[in-house]
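# Remarks on the overall topology
One letter stands for each residue in the lines below.
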Amino acid sequence: LNRSFMLWKRCYNQTKGKGLRMERVKLNVVGITYSQVQTGAYALVLSEEGGPYRIPVVIGVAEAQSIAIKIENIIPPRPLSHDLIVGLSRAYGINLDEVFLYKFENGVFLSELRFSSEERSVNIDSRTSDAIALALRTGAPIYTTRDILEKTGFITDKVDVSSHKKQEDEPKEVNLKKYAIEELEKMLAKCVEREEYERAAELKRIITEKKEERKNK
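Residues numbered from 1 in each chain as written. Predicted model: local features only at pLDDT ≥ 70, side-chain atom pairs only at ≥ 80, totals over all residues. Heavy atoms only, no water.

What follows concerns the packing of aromatic side chains. A complete count under the given rule lists 2 aromatic pairs for this structure. A centroid spacing of 6.4 Å and a plane angle of 45° characterise the contact between F100 and Y102, whose relative ring orientation is tilted. Each member of the pair, F100 together with Y102, is buried. Sitting over the face of the ring of F100, R24 holds its NZ or CZ atom 4.8 Å from the ring centroid. The side chain of R24 reaches across the aromatic face of Y143, ending 4.4 Å from its centre. (Phe/Tyr/Trp six-rings, centres within 6.5 Å; stacked < 30°, edge-to-face > 60°. Buried < 20%, exposed > 50% of the residue type's maximum accessible area, 1.4 Å probe, protein only. Lys NZ or Arg CZ within 6 Å of the ring centre and 35° of its normal.)

This part covers helix α3 (residues 81-91). If you check which residues of α3 are buried, you get H82, V86 and S89. Buried residues of α3, viewed axially, fall in a sector of 65°; they line one side. α3 presents S81, L84 and A91 as exposed residues on the side facing more than 90 degrees away from its buried surface. Check the buried side of α3 and you find it contacts α2 (61-71), β5 (108-116) and α4 (128-138). (Helix = DSSP H or I, 4+ residues; strand = E, 2+ residues; numbered from the N terminus. Arc of directions from axis to C-beta. Contact = heavy atoms within 4.5 Å.)

Using the criterion set out here, one finds 11 salt bridges in the structure. Measuring nitrogen to oxygen at the nearest pair gives 2.8 Å for the salt bridge that ties R24 to E98. On the criterion of sequence distance, the pair formed by R24 in strand β1 (residues 24-34) and E98 in strand β4 (residues 95-105) is long-range, its members being 74 residues apart. Salt-bridge contacts for E63 lead to R127; the nearest nitrogen and oxygen are separated by 2.6 Å. Remark: R127 occurs in strand β6 (residues 121-127) and E63 occurs in helix α2; sequence separation between them is 64 residues. Since its relative accessible area comes to 49%, R127 is described here as partly exposed. Shared partners join several salt bridges into a network, and the residues in it are R24, D97, E98 and R114. (Salt bridge = Lys/Arg side-chain N within 4 Å of Asp/Glu carboxyl O.)

With that settled, consider the environment of I181. Residue placement: I181 occurs in helix α6 (residues 181-193). A relative accessible area of 5% places I181 in the buried class. Taking the C-alpha atoms as reference, I181 lies 8.7 Å from I206; in sequence the two are 25 residues apart. Aside from chain neighbours lying at most four places away, what touches I181 is I207, K210, K211 and R214.

In this structure, N73 takes a positive phi of about 55° despite not being glycine. A relative accessible area of 63% places N73 in the exposed class. Of note, the phi angle at N106 is positive, near 55°, even though the residue is not glycine.

A separate point is α2. Looking at α2, one finds that the buried residues are E63, A64, S66, I67 and I69. Check the buried side of α2 and you find it contacts β1, β2 (42-48), β3 (53-59), α3, β6 and α4. Count one or two residues on from α2 and you reach N73, which has phi positive near 55°.

This next bit is on the sheet that holds β2. The strand order across the open sheet built from 8 strands is β6-β5-β4-β7-β1-β2-β3-β8, with neighbouring strands paired in mixed fashion. Sheet topology places β6 and β8 (154-155) at the edges, where each strand pairs with a single neighbour. Two elements, β2 and β3, share 6 bridges in a ladder whose sense is antiparallel. If you follow A43 over to β3, its bridge partner there is V58. Where α2 meets the sheet, its contacts fall on β1, β2, β3 and β6, and the angle it forms with β1 comes to roughly 105°. Relative to β6, α4 is tilted by about 125°, and along the sheet it contacts β1, β2, β3, β4, β5, β6 and β7 (142-145). (Pairing = 2+ DSSP bridges. Axes fitted to C-alpha atoms, helices over the stretch in contact; angles between N-to-C directions.)

What follows is the structure in structure tokens.
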């Protein structure tokens, strides 16, 4: 109970005085694609249930493999780490009730797992990639806040995650902050069209920063 109260208080303090909404939104796993921003990483794409928003989450190779195996319903010859955690939890009568992406800070999503048994319920901090991997194996729902969804996500009417395509008209190694807001918005539209989710999120973040700078000036 104390842990749940502290989580609520932390989320409240993040939004206090800012007029931000604490409405919880359910997310679904869309798929995995290559990261257009970080070399050697992947982007896990989450979608708003019943809504147009998509959220890209940067994850490592091992976590991407674990998630992809579950999405494709592949049974590995030996249990992976996430399979082991689920097996131990079930053996001791512990259930994963939900995954909650409660904060976005310095480009990183912070998540918590809520476990429960007959005796008690506890919240445990977790990397988002591990949390999603466990949620897929247990059927636990995934949530975030409306504020995080609107800050980190973008709107698309497409359904499938396409494979990564090399960009020929936009070099990756470029200082995007040197571009004008109008040019960045055109790049953003192209990324959304090509379903390059993680790069689109990076562009959206830079556009927001540049608009804030312009407003302050």
